[in-house]
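Read off the chains here:
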Amino acid sequence: MTNNLSFPELKAQAVALRRASKSIREIKQILGITSNRAIGDALRGEPPPAWTRRPRAKDDLHEKARELRARGWTYAEITAKLGVSKGSVSLWVRDMPGVGRSSYPEQVRSAANARTTYHAAESLRREARRQAISNGAAREIGLLTGRELLIAGAIAYWCEGAKNKPYRNDNSVAFINSDPKMILFFLKFLTAAGVTSDRITCRLSIHERADVAAAEQFWRDVTGLPADQFRRPTLKRHNPKTIRKNTGGEYHGCLMVRVLAATDLYRQIEGWASAVMAA
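Here's what I pulled together on the structure shown here. (Residues numbered from 1 in each chain as written. Predicted model: local features only at pLDDT ≥ 70, side-chain atom pairs only at ≥ 80, totals over all residues. Heavy atoms only, no water.)

Attention now moves to the sheet that holds strand β2 (residues 200-207). Pairing in this open sheet of four strands is mixed, and the strands run β1-β4-β2-β3 from one edge to the other. Edge positions in the open sheet fall to β1 (173-177) and β3 (230-236), since each of these has one partner strand only. Each neighbouring strand pair of the sheet contributes to a mean axis angle of 20 degrees, computed without reference to strand direction. Summarising the sheet, β1 and strand β4 (residues 254-259) pair through five bridges and their orientation is antiparallel. Counted as the bridge partner of I176 is M256 from β4. (Pairing = 2+ DSSP bridges. Helix = DSSP H or I, 4+ residues; strand = E, 2+ residues; numbered from the N terminus. Axes fitted to C-alpha atoms, helices over the stretch in contact; angles between N-to-C directions.)

What follows deals with helix α8 (residues 146-160). Between its first and last C-alpha atoms α8 spans 21 Å; for 15 residues at 1.5 Å apiece the expected length is 21 Å, and the two agree. When we look at burial in α8, the residues that qualify are L149, L150, G153, A154, A156 and Y157. Here the buried residues of α8 occupy an arc of 165 degrees about the axis, which is enough to place them on one side. Opposite the packed face of α8, turned more than 90 degrees from it, sit the exposed residues R147 and C159. Among the structural elements, β1, α9 (180-192) and α11 (263-278) are those in contact with the buried residues of α8. (Expected span 1.5 Å × (residues − 1). Buried < 20%, exposed > 50% of the residue type's maximum accessible area, 1.4 Å probe, protein only. Arc of directions from axis to C-beta. Contact = heavy atoms within 4.5 Å.)

Relative to the helices and strands, Q268 resides in helix α11. Since its relative accessible area comes to 38%, Q268 is described here as partly exposed. Along the primary structure Q268 and A154 are separated by 114 residues, whereas in three dimensions their C-alpha atoms are 8.7 Å apart.

Right, let's talk about unusual backbone geometry for a bit. The backbone of N171 sits at a positive phi, close to 55 degrees, despite the residue not being glycine. With respect to the helices and strands, N171 occurs in the loop between α8 and β1. Residue classification places N171 among the buried positions, given a relative accessible area of 12%. Phi is positive for A261, close to 50 degrees, though the residue is something other than glycine. Counting through the fold element by element, A261 comes out in the loop between β4 and α11.

Here it is, written out as structure tokens:
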């Protein structure tokens, strides 16, 4: 504040000088004011002259973005072209009408299409190679002899079947699996081991929300066993917190195949498996 001016007088003169395009420093010199706070109070609400405004560094990018948008470019294309963020582009052109995919840059999309075509072809080549290796390995095995069937079945059972424990020594033979081919193989193994079909019982283990009746029919068709050899299903209770992936028409649960009066058979399997593992 000067010695000779009241605040209203200071404000009137400061505003007049500001409107005459004077800078803050010039106004302070003319009025003899040293306090930044005083001149700030006097000029509060008064916009600065246009020449004192620093041009925005992105003004040219702003205009270019709007020009490209008007030509039909997408946000992603404008971002890639101008090297700015997608948020900036959105802010600059959000009042303009939306557009579909533009032709820029066509070479980028062509390259993407080429990569997609390549990966699709490569996937087919890999699948063909995988199938060729699998078929070749299958030919190496060929048909199993009775002895080989006993060896393979005993090892499969020792991996997946019920076994005696220190706390449970019941010598039962029970095999459970969800793969129909594995169940059929185990039934062939039992035949090779001298087990007749009337000694076999089955029990379905499945989620309670599945189609239980359809699943039982599926396993009866697979095994060829009559309905009276299927025991009451074991149902797994639903847990809402569990994200289940084994759903739909292809879900048939697991089938347990059990052999009645199986003490001697269990000891045979134990011996066959032990011999193979010791070889």
